[in-house]
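Examining the three-dimensional arrangement
What follows is the residue order along each chain.
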Amino acid sequence: MATTASDPTRHFFQPIILCLTVASVALTLFVVWISLHDLSLMRAGREKFVGLDNYLRFFGDPRAMAALWRTVLFTTLATVVEIALGLAVVLFLDRDFAMKRLVRTLLLVPIIMTPVVVGLTWRFLFDPATGMANYLLSLAGLSQVDWLGSPQLALYSVLIADIWQWTPFVILLVMAALESAPTDPLNAARVDGAREWQVTWYVLLPMLRRALAIVALIRAIDSIKAFDLFYIMTRGGPALSTETLNYYGYIAAFTNFDISYALAIAIILTIFTNVALLTMYSVLFPKAGER
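Computed from a predicted structure; not experimentally measured.

Moving on to the confidence of the model for the protein. Averaged over every residue, the pLDDT of the protein is 87; the share at 70 or more is 96%. At the low end of the mean pLDDT range in the protein sits helix α4 (residues 100-107), at 80; at the high end sits helix α12 (residues 228-233), at 94.

Moving on to the packing of aromatic side chains. Summed over all chains, the structure comprises 16 aromatic pairs. Ring centres of F227 and Y231 lie 5.7 Å apart, and the angle between their planes is 20 degrees; on these two criteria the pair is classed as stacked. Residue classification places F227 among the partly exposed positions, given a relative accessible area of 23%. Taking the centre distance of 6.3 Å and the plane angle of 85 degrees together, the rings of Y248 and Y261 count as edge-to-face. With Y248 in helix α13 (residues 245-254) and Y261 in helix α14 (residues 259-284), this residue pair connects regions lying 13 residues apart in the sequence. Of the two residues, Y248 and Y261, neither departs from the other in class, the shared state being buried. Three or more aromatic residues link up through ring pairs in this structure, and these residues are F227, Y231, Y247, Y250 and F254.

Contact geometry of helix α3 (residues 62-93) with helix α11 (residues 209-224) gives a least axis separation of 9 Å together with a crossing angle of 145 degrees. When the axes of α3 and α11 are compared, the crossing they make is right-handed. Note on element contacts: α11 touches α3 through L212, V215, A216, R219, A220, S223 and I224, opposite T71, F74, T75, A78, T79, E82, I83 and L87. Taken together, the residues of the contact of α3 with α11 break down into 9 nonpolar, 4 polar and 2 charged.

One pass over the structure, following the stated rule, counts 6 salt bridges. A salt bridge links R190 to E196; the nearest nitrogen and oxygen atoms lie 2.9 Å apart. Residue classification places R190 among the partly exposed positions, given a relative accessible area of 36%. It is possible to trace a salt-bridge network through shared partners that takes in E82, D162, R219 and D222.

Attention shifts here to the packing of helix α8 (residues 154-180) against α11. Packing of α8 against α11 leaves a shortest axis separation of 10 Å and a crossing angle of 155 degrees. Comparing the axis directions of α8 and α11 gives the class roughly antiparallel. In this structure, the crossing between α8 and α11 has a hand that is right-handed. Residues D162, W166, F169, V170, L173, V174 and A177 of α8 touch α11, and the partners they reach there are A211, L212, V215, I218, R219 and S223. Residues belonging to the contact of α8 with α11 are distributed by class as follows: 10 nonpolar, 1 polar and 2 charged.

Conventions used here
Residues numbered from 1 in each chain as written. Predicted model: local features only at pLDDT ≥ 70, side-chain atom pairs only at ≥ 80, totals over all residues. Heavy atoms only, no water. pLDDT = per-residue confidence, 0-100. Helix = DSSP H or I, 4+ residues; strand = E, 2+ residues; numbered from the N terminus. Phe/Tyr/Trp six-rings, centres within 6.5 Å; stacked < 30°, edge-to-face > 60°. Buried < 20%, exposed > 50% of the residue type's maximum accessible area, 1.4 Å probe, protein only. Axes fitted to C-alpha atoms, helices over the stretch in contact; angles between N-to-C directions. Left-handed = near helix turned anticlockwise from the far one by under 90°. Contact = heavy atoms within 4.5 Å. Nonpolar A, V, L, I, M, F, W, Y, C, P; charged D, E, K, R; others polar. Salt bridge = Lys/Arg side-chain N within 4 Å of Asp/Glu carboxyl O. Parallel < 35°, antiparallel > 145°, perpendicular 65-115°, else oblique.

See below:
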């Protein structure tokens, strides 16, 4: 095997990695520097150094704490439901049935749609007067629901749209892992008399463990960064019930023009995300001696 020193392609990728690293470090330091100042677009040219005041302000801000809690709730629910639902669909599609290829193709359509289109579509579906959701409820004899206007339901309505769009992504990756997995252990378990649910639980799921863990990490990162659906469907309302930390940072920057505080929020969200994902990674991928 050729070493890195003898690999001629190093002259191509090493400069790129170096440039990306320098740019990332420089931008990060610049953002941290601004977050340590009192910089507002309403007071251009009058910024001053305030140290950690913006960070202390964050932890004393009830609106920020509520937004952080909503971010954790949305990320947890979205990741768990999408993984569970995606795995269930993959296990169903692994069987032979009529029009299997057509069903598999149609399930992947939501991935192609942009988040803006998805947000507008579900906003129309959840419209309390003319939406399809309330129409279906009326057919079942149920009362209408204010999906996006109720503080108790709005966050879960956005969650439904997110699950609809990104569960096919889970299906796609898990299906690829399933098709590349060896079939001999499954056949051996069936020959030994194991029931189908035992084959799935004790043989198939352990084989898909790493693929499911990677998909969970990817979806957790995307859910934390979710912005488009919230902006299109609810704009953080009603009564701030769908305002996540990412959206609150946007409001601080482009509505209140408080750039320093917005960047402090962004840095705290980045740190929180990295710590959460590293913890999640250590749980999903334990070292050999810890298993």
